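Notes for the structure review
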Amino acid sequence: MIAWAIYLTFTGAVVLLFLPGALSRWIALLTSVAGFAISLIALFQTAIVDLAHFKTIVRIPWVPTLGMEYHLAVDGISLTLALVTGLVAVTAVLFSWDVEHRQNEFFFWLLLVVGGSYGVFLSADLFLLFLFYELVIVPKYFLIAIWGSTNKEYGAMKLTLYSFFGGALVFIGILAIYVTAGKGNAASGLDLQQLAQFQFSPQLQSWAFPVLFIGFGVLAGVWPLHTWAPTGHVAAPTAGSMLLAGIVMKLGAYGGLRVAMNLFPQGFYMWSTWIAVLAIIGIVYAAAVALRQRDLKFVIGYSSVSHMGFVLLGLATANALGVSGAVLQMFSHGVIAALLFAVAGRMVYRRTHTRDLDTLSEMNLSHALPFAAFTFVIASAASMGIPGFSGFAAEITILIGAWKAFPIAVWITGAGMVLVAAFTLRALQQSFFGESSAATPGGSAAPSGDAKSYSASPTLITSSAERSIHPPDVAPITLPEKWGAGLLMFATLAVGLYPKLLLDRILPAVETMRFLK
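On a predicted model such as this, the values are computed, not experimentally measured, just so you know. (Residues numbered from 1 in each chain as written. Predicted model: local features only at pLDDT ≥ 70, side-chain atom pairs only at ≥ 80, totals over all residues. Heavy atoms only, no water.)

1. Description of the overall build of the chain
Looking only at helices and strands, one finds 23 helices and 2 strands in the chain. For 517 residues, the compact-globule estimate of 2.2 N^0.38 gives 24 Å, and the C-alpha radius of gyration of the chain, at 23 Å, lies within 12% of that figure. Principal-axis analysis of the C-alpha atoms gives the chain an extent of 85 × 55 × 40 Å. Counting every position in the chain, which comprises 517 residues, the buried fraction comes to 62%. When the accessible area of the chain is evaluated, it comes to approximately 18,400 Å², of which 69% is carbon and sulfur surface. Here the chain carries 26 positive and 22 negative side-chain charges, and the mean point of each set is 4 Å from the other. (Helix = DSSP H or I, 4+ residues; strand = E, 2+ residues; numbered from the N terminus. Rg over C-alpha atoms; globule rule 2.2 N^0.38 Å. Buried < 20%, exposed > 50% of the residue type's maximum accessible area, 1.4 Å probe, protein only. Areas by Shrake-Rupley, 256 points an atom, 1.4 Å probe, with all protein chains shown as cover. Lys, Arg positive; Asp, Glu negative; His and termini not counted. Charge placed at Lys NZ, Arg CZ, Asp CG, Glu CD.)

Encoded structure:
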């Protein structure tokens, strides 16, 4: 049944090209809801014991002479990531409800990203996985280049070039696998289930593993190949940022786990310490850079890179607990990052036309947009790893696993977590609660008008106290935005309070992988 998440998403994308624009948002919403519902049903209906192994759900010959098959399979890892894909897709549509410019095309490209992501997480044929992986690149470019902001052409091109560079490395690794494992039987050179049993030579693994892992790591935002991420997040429209942080960055981490680590365990052991080093640098460096940013979306963009460092650290531990925590962090970060970008891009920027923290600090948005302030408080708490949210459940699992493998790394990561709390609290205070203490009775009335005229003519209000008393006249939060934010907040709370729901499905799948020590 989970395969229908792919079919329905691509069908919805094609249908969008032939229907009137007024129906486009409803078609996109119904399509994304259907994919999410299918993933949710599969999560609860599939027995946990069946999720321990990569179980075939569809297998059809595709290009028999080359051994290529349309082969889909599912386990606890892929099902968890399919679930977060559906969840982020639904909320991305809801936060794009007011898109008016070329609606059909916008939702068409959006659904292509979602459908390609489903395909990557469910593919059991190596070439099919690579095909879906590359398919995601093109719609990302158009979403940013057409509907983006702030150097959108530069951001779209940088993201695309980095993605193609990573894809080229992945393709080299796949060719090495195919040529080596498919000598006797072409079909065995692309089947992930058979390749997981194949013994590659240590010489091949020593160079093929870093090529594959770095290739996938580009999309996961691994330091120092992370610079596309903050730029791309800032340039993208709100839905694009949500998809990039919530889904696309997980494609790279998943590929590194499913392909590079599981097929080349000896190569992984040779390089695992260096992976941990890159993870620690990414956590601390990105958090430190985020602390210096003045643009709210840049803060969240570097925050994403820092939190993806936890995923990399969990993978480097090579023990069941650490890797399971990494997969849980993929789900958690997908939800939290999508929520943060939804608030910053849709609720704040679309109403105030600014993301500058100094400017926002003078607007007292907690009074003008109380729901947005509440949502950002919840998202910030989850991002900082406060107990009760999914971020805490994922990060504590990773750190316990890392303590067994790299105890020094845990101490250094602690410094990174302090920086995460610092930049998150700074962004929260300046975005919604800045200058509120400066308010004094008797301030003069603020001029009426929309948020754009406010930000364009700040001299109309000369006193920060007056700005605090009279926040800008902005449109209220819409019902689709409330539904989208509520869904994401519920997800991070549900998994934070009951992580067993996902860990019981992730852990058995991780324990069957070859690279575990």
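2. Considering helix 6 (residues 137–147)
For helix 6, a buried count of 8 out of 11 residues is recorded, marking the element as mostly surrounded by other parts of the structure. In the core, the buried residues of helix 6 are packed alongside helix 4 (103–122), helix 5 (126–135), helix 7 (152–181), helix 9 (202–220), helix 10 (228–235) and helix 11 (238–263). (Contact = heavy atoms within 4.5 Å.)

3. So, the confidence of the model for the chain
Residues at a pLDDT of 70 or more form 91% of the chain, whose mean pLDDT is 81. Across the chain, element-level confidence peaks in helix 3 (residues 76–94) with a mean pLDDT of 91 and bottoms out in helix 20 (residues 451–456) with 35. (pLDDT = per-residue confidence, 0-100.)

4. A short note on a nonpolar patch on the surface
Together, Met-270, Trp-271, Trp-274 and Val-277 line one region of the surface with nonpolar side chains, adding up to about 400 Å² of accessible area. On the secondary structure map, Val-277 appears in helix 12 (residues 265–290). (Patch = residues over 30% accessible without salt bridge, like charges linked within 9 Å, V, L, I, M, F, W, Y side chains within 5 Å. Salt bridge = Lys/Arg side-chain N within 4 Å of Asp/Glu carboxyl O.)

5. Overview of the environment of Val-14
Along the chain, Val-14 falls in helix 1 (residues 4–16). In the structure, Val-14 is positioned 90 residues away from Asn-104 in sequence and 9.9 Å away in space, judged by C-alpha atoms.

6. What to know about the packing of helix 11 against helix 14 (residues 320–352)
For the pair helix 11 and helix 14, the least separation of the axes is 7 Å and the interaxial angle reads 165°. Overall, the two elements helix 11 and helix 14 adopt an arrangement that is roughly antiparallel. The interaxial crossing formed by helix 11 with helix 14 has right-handed handedness. Two secondary-structure elements touch here, helix 11 through Thr-238, Ser-241, Met-242, Ala-245, Gly-246, Lys-250, Ala-253, Tyr-254 and Leu-257 and helix 14 through Val-323, Val-327, Met-330, His-333, Gly-334, Ala-337, Ala-338, Phe-341, Ala-342, Gly-345 and Arg-346. Classifying every residue of the contact of helix 11 with helix 14 by side-chain character gives 12 nonpolar, 6 polar and 2 charged. (Axes fitted to C-alpha atoms, helices over the stretch in contact; angles between N-to-C directions. Parallel < 35°, antiparallel > 145°, perpendicular 65-115°, else oblique. Left-handed = near helix turned anticlockwise from the far one by under 90°. Nonpolar A, V, L, I, M, F, W, Y, C, P; charged D, E, K, R; others polar.)

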